[in-house]
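# Observations on the three-dimensional arrangement
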Amino acid sequence: MKYQAVIFDLDGVICHTDHYHYLAWKKIADEIGVHFDKTINNRLRGIGRMESLEILLGARSGEFSLQAKEELATKKNEYYRQLLQTMTMQDLDPEIKKTLDIIKARGLKLAIGSSSKNAKLILKQIGLENYFDAVSDGTIISRSKPDPEVFLKASAMLGVKPEYCLVVEDAKSGLEAAKAANMDSAAIGDAVKSGLADYQLKTLSDLLLYL
Ligand code: G6P
Ligand code: MG
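Just so we're clear, the structure is a prediction, and the values are computed from it rather than from any experiment. (Residues numbered from 1 in each chain as written. Chains lettered and ligands numbered in written order. Predicted model: local features only at pLDDT ≥ 70, side-chain atom pairs only at ≥ 80, totals over all residues. Heavy atoms only, no water.)

## What to know about the coordination of the magnesium ion (ligand 2)
- The magnesium ion (ligand 2) binds to the protein through Asp-9 (OD), Asp-11 (O) and Asp-170 (OD), with metal-donor distances spanning 2.0 to 2.2 Å.
- Counting gaps between the donor residues of the magnesium ion (ligand 2) yields the pattern D-x1-D-x158-D. With Asp-11 in the loop between strand S1 (5-8) and helix H1 (17-32) and Asp-170 in the loop between strand S4 (165-169) and helix H8 (172-180), this pair connects stretches of sequence that are 159 residues apart. Side by side, Asp-11 and Asp-170 carry an identical accessibility label, which is buried. (Donors = N, O, S within 2.8 Å, 3.2 Å for Na, K, Ca; no water. Helix = DSSP H or I, 4+ residues; strand = E, 2+ residues; numbered from the N terminus. Buried < 20%, exposed > 50% of the residue type's maximum accessible area, 1.4 Å probe, protein only.)

So, in structure tokens, the structure goes:
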């Protein structure tokens, strides 16, 4: 068997929190009168909070002081966390849980590789708090995707060499990070069109064909 571990991105792969990121950023953009839509939101996938704000502000970035930007990012996170509070185990798609269980039963290790500082809260909300063998997230990295740090940390935590890890991503930045980490990758959702991945998935269960 080629792979010993699968490293999953969280937002947009395990659960639909990518939509909550969109809703929270949209609210900020409307408040300050900046145009923001789903196409721009796709560029924020996998990118850290402050870098995301810079992309959202675009040409208007110079109008805001560092303090004002930090306040906007904090406010966005408050809106986002209000949405996270509404999440329950019902928000974990049964097909996704089943796929994870099958991969586990085949003897592979499972990890999360997410740029989010909210990853552990999300896992708790959807009942996967103690499910993964390792959680590498925004709280332990200094550079977000496309930097490979988050995946290299996951591989070290698992004790599995990068070449035996497969990354699952909905973000172009995440596929770039996987490549930089010397890991194979599978794309789902928005990332499929980038053509950067080794495998293209229609649904997460397609992954079982390659493991
Ligand atoms: C993930 C999402 C990004 C988000 C980043 C930081 O990578 O795909 O859209 O900006 O996490 O999330 P946070 O929850 O820490 O603001
Ligand atoms: Mg994602």
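Moving on from the coordinates now.
## A closer look at the domain arrangement of the protein chain
- Segmenting the protein chain into domains produces domain 1 (5-15 + 89-210) and domain 2 (18-84).
- Relative to domain 2, the C-alpha centre of domain 1 lies at a distance of 24 Å.
- In this assembly, 17 residues from domain 1 lie in contact with 14 residues from domain 2.
- With both sides pooled, the region where domain 1 packs onto domain 2 buries about 1,200 Å², and carbon together with sulfur makes up 44% of that total.
- Run the count over domain 1 and domain 2 and you get two salt bridges.
- For Arg-45, the salt bridge is made with Asp-170, and the minimal N-O distance between the two is 2.6 Å.
- At the boundary of domain 1 and domain 2, one finds ten residue pairs in polar contact (both at pLDDT 80 or more).
- Top contributing element to the side of domain 1 that touches domain 2 by residue count: helix H6 (residues 119-125), with three residues. (Domains from an automatic or database assignment. Contact = heavy atoms within 4.5 Å. Buried area = accessible area lost by both parts, 1.4 Å probe. Salt bridge = Lys/Arg side-chain N within 4 Å of Asp/Glu carboxyl O. Polar contact = N/O pair within 3.5 Å; in protein donor to acceptor, adjacent residues only side chain to side chain.)

## Some points on the nonpolar core
- Ranked by size, the top nonpolar core spans 54 residues in total, and within it Phe-8, Ile-14, Phe-132 and Leu-207 carry the most contacts.
- A domain-level breakdown of this core finds at least three residues from each of domain 1 (5-15 + 89-210) and domain 2 (18-84).
- Discounting residues that sit within four places of it in the chain, Leu-207 has contacts with Val-6, Phe-8, Ile-103, Leu-166, Val-168, Ala-186 and Leu-201.
- Ranked by size, the runner-up nonpolar core spans 16 residues in total, among them Ala-5, Ala-134, Ala-178 and Met-183. (Core = buried A, V, L, I, M, F, W, Y, C linked by side-chain atoms within 4.5 Å.)

## Notes on the packing of aromatic side chains
- Applying the stated criterion to the full structure yields five aromatic pairs.
- Ring centres of Tyr-3 and Tyr-199 lie 6.5 Å apart, and the angle between their planes is 85°; this geometry places the pair in the edge-to-face category. Of this pair, Tyr-3 sits in the segment before S1 while Tyr-199 sits in strand S6 (residues 199-201), and the two are 196 residues apart along the sequence.
- Here Tyr-199 and Tyr-210 contribute two aromatic rings whose centre-to-centre distance is 4.3 Å and whose plane-to-plane angle is 20°, an arrangement assigned as stacked. Pair noted here: Tyr-199 is in strand S6 and Tyr-210 is in the segment after S6, with a separation of eleven residues, a long-range link.
- The class of Tyr-199 is buried, set by a relative accessible area of 16%.
- Classification of Tyr-210 as partly exposed rests on a relative accessible area of 31%.
- One aromatic cluster is present, built from ring pairs that chain together Tyr-3, Tyr-199 and Tyr-210. (Phe/Tyr/Trp six-rings, centres within 6.5 Å; stacked < 30°, edge-to-face > 60°.)

## Describing the pairing of strand S2 (residues 109-113)
- Of all five residues making up S2, four are buried, and the element is well covered by its neighbours.
- Here S1 pairs with S2 via four bridges, running parallel. Within the sheet, the bridge partner assigned to Val-6 lies in S2 and is Leu-110.
- Where S2 meets strand S3 (residues 134-136), three bridges bridge the pair, whose relative direction is parallel. Counterpart to Ile-112 in the pairing with S3 is Val-135.
- In this view, the connection linking S2 to its parallel neighbour S3 by way of H6 has right-handed handedness. (Pairing = 2+ DSSP bridges. Right-handed = clockwise from strand over helix to strand, strands pointing away.)

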